[in-house]
Amino acid sequence: MNPFEQKPKKSYMDLMKNWKGIEAKPYDKLEADPYTKARIILMNGIEVEAALFGHNFHRHCEDNDLRREIALCRRMEQMQQKHVNWLSPSNETTLELTIGYEQLAVDLTAWLAMHEPDEYSKACMDFALLEDFDHLYRYANLLKIDEDIPAHKLTRDTIEFTPGRPTIAHHRHPSDAVRMPRNAKTADIRTTLGAMILTAAEQQTMNFYMNLGNTVPEGAGRDLYQEIGMVEEEHVTHYGALLDPTLTWLENLLLHEYQECYLYYSFYETEVDRYVKKIWEEHFEQEVLHLHMAVDLLKKYEGTEWREVIPDGEFPELLKFQPTKDYVREVLASQVTLTAENEEFADIDDIPSDYHFFAWNEHINGRTQDVPSHRVINEAIKKDGEDYRFEDAESAVPALRDRKEDNTKLGRKQGIESGVPRKREREAVMA
């Protein structure tokens, strides 16, 4: 599929919906496929990114003729966002929806990493993957405490609930969230799409916690949203840094529209809910129109052909949500003790003992017993005698197998054994 070769079937006015047209029938939270939920959460985030990007473009553009052009596109993007976001039912609690957000983060990141040709971008994905995986575990324990719902019932056993890199170790100096950008015009399109998709997805999660975290009842759970919300800020910086800062606004607009075409077409092909599938089809048709508009604007205002930005318009392998348990286990076993050192990643034992990570992490966390992500697990253990988990097998990391004691040192303190060989030890054995 090459969306540049698709001719828009309708005009803007024909594609614009009235109020009845954007009414959405919410899914049944007990019956909906977990990956239908994941697709809805992601496309909501993608459309929010489109709106935010469009408004920032508007604010940095001096030409009112161009601003009128992008205003038309942005209005339709906003209607798409409402259409998608209103698929979420009102009886789905914040915590239940949070499980969907974190499952999306894990399975989306894992799938993209498995298909990522750029070694550095893949390393960035693997690194953040283990953190979202731990967030999922923490929220699942909170769900069990507060609502007595085992999270695996919501996800239908498609994902495991077990510790990742402990959240207490995620709090790094802000300078260590900055990564090396990739060149969008020379990189594989999968690399460009991966960075854009994950930036939008993590941004949506960050915004979700920013705006709804304070609706959670006072206590460890409410504080957990604050803590993980701050990690999501790190992740938005982390993935946003991979984006190409040399692109013009119109080149970025072209990539945004291409990305939306790719995702809507991917989900149209894989959606199992017929009602939602029809929405993906309608939105793809709208995005083809937006893409051709972006092509025309790029040519008109900058004299640039679309092929100078996206040399081959053919979609790469379509994005398909599926269980990624084995891949997550492999990454967990090999990278649980990694931290960030400037733009790179290193084992916690391999960075200087006076590196600013340690002072920053100690300052932010204060007393370990006060850290929300740790308090939630302690409350779960106190209530049920052990934490909540759903595993196909025991953890790939021996140091994380104890269900009656939360590990607060792994990946954060030096000299702590994980129970799996470190990278340098594996290389020595192979040699």
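Above: the structure in question.
It should be emphasised that the depicted structure is a prediction, and the values quoted were computed from it without experimental measurement.

Asker: Would you mind going over the overall build of the protein chain with me for this structure?
Answerer: The helix and strand tally for the protein chain stands at 14 helices and two strands. In terms of overall dimensions, the protein chain is globule-like: its C-alpha atoms have a radius of gyration of 22 Å, near the 22 Å expected for 431 residues. Seen through its principal axes, the protein chain has C-alpha atoms that stretch 60 × 50 × 40 Å. Classification of the 431 residues of the protein chain by burial places 57% in the buried group.

Asker: For this particular structure, what's the right way to read helix 2 (residues 34–59)?
Answerer: Along an α-helix, residues three or four positions apart point the same way, because every turn accommodates 3.6 residues. Compared with an ideal rise of 1.5 Å per residue, which puts 26 residues at 38 Å, helix 2 spans 38 Å between its outermost C-alpha atoms and is within 8% of the ideal. For helix 2, the tally of buried residues reaches 21 of 26 residues, placing the bulk of the element in the interior. Its side-chain oxygen at 2.7 Å from the backbone nitrogen of Tyr35, Asp33 defines the N-terminal cap of helix 2.

Asker: Please explain the packing of aromatic side chains as it appears in this structure.
Answerer: The geometry of an aromatic ring pair is captured by the separation of the ring centres together with the interplanar angle, meaning the angle of the planes. In the structure shown here, the tally under the stated rule is 21 aromatic pairs. Geometrically, the ring pair formed by Phe4 and Tyr258 is stacked, given 5.8 Å between the ring centres and 15 degrees between the ring planes. With a gap of 254 residues between them, Phe4 in the segment before helix 1 (12–15) and Tyr258 in helix 9 (residues 249–270) connect regions that are remote in the sequence. We note that Phe4, like Tyr258, is buried. Both rings, one in Phe53 and one in Phe57, keep their centres 6.1 Å apart while their planes meet at 55 degrees; by these two values the pair is tilted. Of this pair, Phe53 and Phe57 both sit in helix 2, four residues apart, roughly one helical turn. Of the two residues examined, Phe53 and Phe57, each falls in the buried class.

Asker: Explanation requested: the nonpolar core in the structure shown.
Answerer: If you look at soluble globular proteins, the nonpolar side chains tend to sit buried side by side. In this structure, Leu42, Leu108, Leu254 and Leu319 are the most contacted members of the largest nonpolar core, which totals 114 residues. Top contributing element to this core by residue count: helix 5 (residues 119–147), with 14 residues. If near-sequence neighbours (up to four positions away) are discounted, Leu42 is found in contact with Leu104, Leu108, Ile197, Ala201, Leu263, Phe267 and Phe321. In this structure, Ala346, Ile348, Ile351 and Tyr355 belong to the second largest nonpolar core, which totals six residues.

Asker: Explain the environment of Ile351 here, please?
Answerer: Tracing the chain through its elements places Ile351 in the loop between strand 2 (344–347) and helix 12 (356–365). Setting aside residues no more than four positions away along its own chain, Ile351 makes contact with Thr339, Glu341, Ala346, Phe358 and Gln414.

Asker: Even after reading the chapter, I still don't get the environment of Leu52, so can you show me in this structure?
Answerer: With respect to the element layout, Leu52 can be found in helix 2. Expressed as a C-alpha distance, the spacing of Leu52 and Arg74, which sit 22 residues apart in the sequence, is 9.2 Å. Look past the residues within four positions of Leu52 in its chain and what remains in contact with it is Gln203 and Asn207.

Asker: Explain the pairing of strand 2 to me, please; I cannot follow it from the model alone.
Answerer: Within a regular strand, side chains alternate between the sheet's two faces. Note: strand 1 (residues 338–341) against strand 2, four bridges, orientation antiparallel. By the bridge assignment, Leu338 is partnered in strand 2 with Asp347. Following strand 1, the chain reverses through two residues before pairing antiparallel with strand 2; Asn342 in that reversal takes a positive phi of roughly 55 degrees.

Asker: Help me understand the packing of helix 2 against helix 3 (residues 64–85), please; the structure alone is not making it clear to me.
Answerer: The axes of two packed helices give the description: the angle between them and the distance between them. At a closest axis distance of 9 Å, the pairing of helix 2 and helix 3 adopts a crossing angle of 160 degrees. The angle between helix 2 and helix 3 places the two elements in the roughly antiparallel class. Helix 2 and helix 3 meet at a crossing whose hand is left-handed. On helix 3, the residues touching Ile40, Met43, Asn44, Glu47, Val48, Ala50, Ala51, Gly54, His55, Phe57 and His58 of helix 2 are Leu66, Arg67, Ile70, Arg74, Glu77, Gln78, Gln80, Gln81, Val84 and Asn85. When its residues are assigned to classes, the contact of helix 2 with helix 3 shows nine nonpolar, eight polar and four charged.

Asker: Would you explain the pattern of salt bridges in this entry?
Answerer: Pairing is possible between side chains of opposite charge, provided their charged atoms come close. Counted under the stated rule, the structure contains 30 salt bridges. Close ionic contact of Arg39 with Glu271 constitutes a salt bridge, the shortest N to O distance being 2.7 Å. Of the two residues, Arg39 is situated in helix 2 and Glu271 in the loop between helix 9 and helix 10 (274–302); the sequence distance between them amounts to 232 residues. Side by side, Arg39 and Glu271 carry an identical accessibility label, which is buried. A salt bridge links Arg165 to Glu131; its shortest N-O distance comes to 3.2 Å. Here Glu131 lies in helix 5 and Arg165 lies in the loop between helix 6 (151–155) and helix 7 (189–212), a separation of 34 residues in the sequence. For Arg165, a relative accessible area of 0% corresponds to the buried category. According to the relative accessible area criterion, Glu131 is buried, its value standing at 0%. Connected via shared salt-bridge partners are Glu386, Asp387, Arg389, Glu391 and Arg403.

Asker: What is the right way to look at unusual backbone geometry in this model?
Answerer: Peptide bonds are trans in most cases, and residues, glycine excluded, mostly fall at negative phi. Residue Arg156 is not a glycine yet carries a positive backbone phi of 55 degrees. Within the element layout of this structure, Arg156 appears in the loop between helix 6 and helix 7. In this structure Arg156 comes out as partly exposed when scored by relative accessible area, which is 39%. For Asn342, which is not glycine, the phi torsion reads 55 degrees and is therefore positive.

Scoring rules and cut-offs
Residues numbered from 1 in each chain as written. Predicted model: local features only at pLDDT ≥ 70, side-chain atom pairs only at ≥ 80, totals over all residues. Heavy atoms only, no water. Helix = DSSP H or I, 4+ residues; strand = E, 2+ residues; numbered from the N terminus. Rg over C-alpha atoms; globule rule 2.2 N^0.38 Å. Buried < 20%, exposed > 50% of the residue type's maximum accessible area, 1.4 Å probe, protein only. Expected span 1.5 Å × (residues − 1). Polar contact = N/O pair within 3.5 Å; in protein donor to acceptor, adjacent residues only side chain to side chain. Phe/Tyr/Trp six-rings, centres within 6.5 Å; stacked < 30°, edge-to-face > 60°. Core = buried A, V, L, I, M, F, W, Y, C linked by side-chain atoms within 4.5 Å. Contact = heavy atoms within 4.5 Å. Pairing = 2+ DSSP bridges. Axes fitted to C-alpha atoms, helices over the stretch in contact; angles between N-to-C directions. Parallel < 35°, antiparallel > 145°, perpendicular 65-115°, else oblique. Left-handed = near helix turned anticlockwise from the far one by under 90°. Nonpolar A, V, L, I, M, F, W, Y, C, P; charged D, E, K, R; others polar. Salt bridge = Lys/Arg side-chain N within 4 Å of Asp/Glu carboxyl O.

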